[in-house]
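# Coordinate inspection notes
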Amino acid sequence: MAIQGWTTSFNQNVSGEKMAVVGLTTLAKELSTSCPVEITITNVASTPDICCDYNPVDCSIRYDNSIYRNYYQQCNGKTGCTIQVSWVAQTCNQTVYLVRTNYMKMDYYCISDQGLDPCSSLYTKRQQSFSLNSGYPSNSLTGSSSCTCSVEASCDSTVRLTAIDLRLGSSTSCDQSITITDGSTVIVFDCNDNNDYLPVTLYVSY
């Protein structure tokens, strides 16, 4: 979804689904589009829709500066969110693109709110599934209980585990972990592997 202006709203139309943000990009349109660098009250009526539409040829910059966390925090696990749009000086050819980015694009999954807690009974035949702790994102992981879940796949397939928002432990202790067992391979992830809201692949089976 592409966004432009002062603020923007994202809302899920499917009941019981939440957002899981996996990427945030800020982009600049080509000068040939005649799009304004900024949409204001005075030019919004005359600004063509193309200026807010994502185009793969636009100058694209991954948005991961000091305030990127605000976007993930406001949207992850929510059914909708309202955000202040940001911009950066573009690093592409300034003879081709606007001098700075003029719109943003957020990529996110729509995840079901049913059967996602790995500490409860979870059974699915989906090719892609999501797990989150009860009460996410308002409630963080607490306690020292142990939960186990298994993934079964055909011999010629690959299983990929991606952390979208991994926050193990607390500000005072690193007492939580995730253990992945794949045959004779055992890998343990703890608070040192927290991803700071930027999605990262934890494990891929071969």
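First, a word on scope: everything that follows refers to the structure included in this document. Not measured: the values here are computed from a predicted model.

### Observations regarding the environment of Val 204
Looking at the secondary structure, you find Val 204 in strand S10 (residues 200-204). Sequence separation of Val 204 and Thr 162 is 42 residues, and the distance between their C-alpha atoms is 8.8 Å. Contacts of Val 204, omitting those with residues within four sequence positions, involve Thr 158, Val 159 and Arg 160.

### Structural notes on the packing of aromatic side chains
Tallied over the full model, the rule gives three aromatic pairs. By way of ring pairs, the aromatic residues Tyr 68, Tyr 72 and Tyr 197 are connected into one cluster. The ring of Trp 87 carries the charged tip of Arg 100 above its face, separated from the ring centre by 4.0 Å. Sitting above the plane of the Tyr 54 ring, Lys 105 keeps its charged end 4.8 Å from the centroid.

### Observations concerning the side chain of Thr 47
Tracing the backbone shows Thr 47 in the loop between strand S3 (17-28) and strand S4 (59-62). There is a polar contact of 2.7 Å between the side chain of Thr 47 and the backbone oxygen of Asn 43. Once residues lying within four places of it in the same chain are set aside, the contact partners of Thr 47 are Pro 36 and Ile 39.

### As for helix H1 (residues 68-75)
Buried within H1 are the following residues: Tyr 68, Tyr 71, Tyr 72 and Cys 75. Angular distribution of buried residues about the axis of H1 spans 95 degrees; they occupy a single face of the element. Taken together, the buried residues of H1 touch S3, strand S5 (80-84) and strand S6 (103-112). Of the residues trailing H1, Gly 77 is marked for its positive phi of about 75 degrees.

About the criteria used
- Residues numbered from 1 in each chain as written.
- Predicted model: local features only at pLDDT ≥ 70, side-chain atom pairs only at ≥ 80, totals over all residues.
- Heavy atoms only, no water.
- Helix = DSSP H or I, 4+ residues; strand = E, 2+ residues; numbered from the N terminus.
- Contact = heavy atoms within 4.5 Å.
- Phe/Tyr/Trp six-rings, centres within 6.5 Å; stacked < 30°, edge-to-face > 60°.
- Lys NZ or Arg CZ within 6 Å of the ring centre and 35° of its normal.
- Polar contact = N/O pair within 3.5 Å; in protein donor to acceptor, adjacent residues only side chain to side chain.
- Buried < 20%, exposed > 50% of the residue type's maximum accessible area, 1.4 Å probe, protein only.
- Arc of directions from axis to C-beta.

Interpretation in functional terms is not warranted from these geometric data alone.
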